[in-house]
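Read off the chains here:
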Amino acid sequence: MNYYIIKGMDDSQKKLKGAELLRQKLKTVSHRAGVYRMLDENGTVLYVGKAKNLKNRLTNYTQTERLSDRIRQMVSHVADLVVIETAGETEAFLLENDLIKKFKPFYNILLKDDKSYPYIVITDDEMPRLIRYRGERGKKGTYFGPFASGLAVRQTVSELQKIFGLRTCNNASFYNRTRPCLLYQIKRCSGPCCACISKEDYLKSVQEAKAFMRGETSDIQKALKKQMDELSAMCRYEEAAVVRDKILALNHIQDTDSETVIKQTDFVAVYLKNGRGCLQVFFYRGGHAEGNIVQLLTDVSESQLSETLSSCLMQIYDKIPAPRQIYISVPPEEGLSEALTQRAGYSVHISAGPFKGTRKKLMEQALKNAEQSFKAQTNEAQFKASVWDELRALLEIDKLDKVEVYDNSHIQGTSAVGAMIAANVDGFQKKWYRRFNIDGTLAHTNDDFGMMREVMLRRLKRGLTENDLPSAMLIDGGKGQLSSVQQIMDELGIHSIALLAVAKGEERNAGKETLFLGTRPSEPIHLDLKSDLIHLIQRLRDEAHRFAIGSHRIRRAKNMFHETLLDIEGIGEKRKKALLRHFGSPRAIAGASLAQLQHVEGISEKIAKKIYTFYHD
């Protein structure tokens, strides 16, 4: 890949900012294809974009009256611009995608969740294993997918188990088992661990499962029909009945799956209205519909639609292998097919129609789904904004960007944890969640008020240092907890955060909560138990409670395991740490085989036997 001319900011431009800076920079920008980065005064990348004509694209940013509020805000913060010219549009696609992954700019909002998609993998073990898998494709095996949801994966794995009887157990269990497990008893596994099936027959079932996942169901059915007839002729009726059940299961799948004519193909549909829209990608793998993904689009004009679509597809197919054929509802930008081909290592063809027959039917269905998803999510977004504004009014503040909710969890002071969840108008933002382990140095772990003061002290001090404070805080508790928090805020001189305490209702009934506002803590507030606002507050409080309990359980389980491991004769702190470093988790140690345990530094055969016996007897 060839890149040309990198332009930064010279001394004469250091005092300029926003649109003025961009106008000055335009004097040295060419009309070639390339990628640009907008940076703020701290050097943080705000946005990464590409263009087939850099000068024309960057000129648009200087016409601030035509920009949306979000883009106008971004331009106002631009203090530097870096332009990289590329040999062509294909190189620009690839470079833009790489830079977005590297810098994760705040204003590149598409596909920011960094979601990975699940696969089904049949491993390359001596006796292959059927597993669900997410993440980098580092495990050796044959991959099938991606699937749009974990539910689709679980359903497919269940069908594969019923029909082909492949094992799903981990290798530690497989090699140490002395009798078949429950899955064998309910006919979900053929029992290769205990030689209930010969290696030759098991590997044959593996090949049939792979063929099924590739969509070769008719060939499998013919082979099974022949096998059933042969077994019947030999009067081996029980074995023939097993094969018959496989055929019936395959028939059931074919009857219930109406879209089995498209293989290794994706249908991409875009619906756009008034600068906002919805993109849907429908996956077809092995002749089966494997679900879809949805991405809402904002600040997109008709003229920008092809560019936005192309950027989305580059990011989607960076996470999953692109199929060899992609059908889309609008023409893509030039160079997209070449860029995907270069990234995938094989030819990727893109077609924007016109479509006929089955393809036309599937595209119309995809477009209808995109429109329905857009309308549903638009109505939901409007509802969320309305209720969020009610919360802002209750808190008596002008702007509510982020609200943080706090709760504590412990059992008689042990494994104490403080939890913080955060949300904005778009919903819960799990990347902002935080746990606070409380060890008793700053507060007694059986003192709820003291624990809340410790959590607040640690959170607010860090917030002041990093200039990251929320608009409001919700506290799970009554006036006592509210007073504890206000005491810390007064000590730190923080008066810009709205406080709301949520005390449990009579007999802990949901809907009868009493609210106390930080500005007037002596005046209890009761909301209509049927109002949307009280439901929002309950959801925020319940999510904090769920996260706190989950965090406490994780810490308690970890502490219990550490204490239990030390009960084994010959295991001290040094060997305990060596085991954790080697296996990575307590569960992995408990499930390790004798041979695996002996590979740990400092673990002799004698000690390994003690550990294995401790967890398996």
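Residues numbered from 1 in each chain as written. Predicted model: local features only at pLDDT ≥ 70, side-chain atom pairs only at ≥ 80, totals over all residues. Heavy atoms only, no water.

Concerning the packing of helix α4 (residues 89-103) against helix α11 (residues 305-319)
No. 1: Relative orientation of the contacting elements α4 and α11 amounts to 65°, with a least axis distance of 10 Å. In this structure, the crossing between α4 and α11 has a hand that is right-handed. Contacts between α4 and α11 involve Phe93, Leu94, Glu96, Asn97, Ile100 and Lys101 on the former and, on the latter, Ser310, Ser311, Met314, Gln315 and Asp318.
No. 2: Looking at the contact of α4 with α11, its residues break down into 4 nonpolar, 4 polar and 3 charged. (Axes fitted to C-alpha atoms, helices over the stretch in contact; angles between N-to-C directions. Helix = DSSP H or I, 4+ residues; strand = E, 2+ residues; numbered from the N terminus. Left-handed = near helix turned anticlockwise from the far one by under 90°. Contact = heavy atoms within 4.5 Å. Nonpolar A, V, L, I, M, F, W, Y, C, P; charged D, E, K, R; others polar.)

Concerning the packing of helix α5 (residues 150-164) against helix α8 (residues 199-213)
Geometrically, a packed helix pair is captured by the angle between its two axes and the distance between the axes.
No. 1: Across the interface, α5 lies against α8 with an axial gap of 10 Å and an inter-helix angle of 140°. When the interaxial angle is binned, α5 and α8 end up oblique. Two packed elements cross with a definite hand, and for α5 against α8 that hand is right-handed. Across the interface between the two elements, Thr156, Leu160 and Phe164 of α5 pack against Ser205, Glu208, Ala209, Phe212 and Met213 of α8. (Parallel < 35°, antiparallel > 145°, perpendicular 65-115°, else oblique.)

Regarding unusual backbone geometry
No. 1: Note the cis peptide between Gly353 and Pro354, where omega equals 0°.
No. 2: Of note, Pro354 is situated in the loop between β12 (349-351) and α13 (357-395).
No. 3: Even without glycine at this site, Ala195 takes up a positive phi of about 60°.
No. 4: Summarising the element assignment, Ala195 is placed in the loop between α7 (182-185) and α8.
No. 5: For Asn274, which is not glycine, the phi torsion reads 55° and is therefore positive.

Digging into the sheet that holds strand β6 (residues 130-133)
No. 1: Reading across from one edge, β6-β5-β7 is the order of the 3 strands in this open sheet, with antiparallel pairing throughout. Strand pairing shows two members of the sheet lacking a second neighbour, β6 and β7 (141-144), which therefore form its edges. Between one strand axis and the next, the sheet turns by 30° as a mean value, whatever way the strands run.
No. 2: Taken together, the 4 bridges between strand β5 (residues 119-123) and β7 define a ladder with antiparallel strand orientation. Bridge assignment links Ile120 to a residue of β7, and that residue is Phe144.
No. 3: With respect to the sheet, α8 is in contact with β5 and β7, its orientation differing from that of β5 by roughly 155°. (Pairing = 2+ DSSP bridges.)

Points about the packing of aromatic side chains
No. 1: Going through the model one piece at a time under the given rule, you end up with 11 aromatic pairs.
No. 2: Geometrically, the ring pair formed by Tyr119 and Tyr143 is edge-to-face, given 5.9 Å between the ring centres and 85° between the ring planes. With Tyr119 in strand β5 and Tyr143 in strand β7, this pair connects stretches of sequence that are 24 residues apart.
No. 3: By relative accessible area, Tyr143 is classed as buried at 14%.
No. 4: Measuring from centroid to centroid gives 5.4 Å for Tyr271 and Phe374, while their planes differ by 55°, and the two rings are tilted. (Phe/Tyr/Trp six-rings, centres within 6.5 Å; stacked < 30°, edge-to-face > 60°. Buried < 20%, exposed > 50% of the residue type's maximum accessible area, 1.4 Å probe, protein only.)

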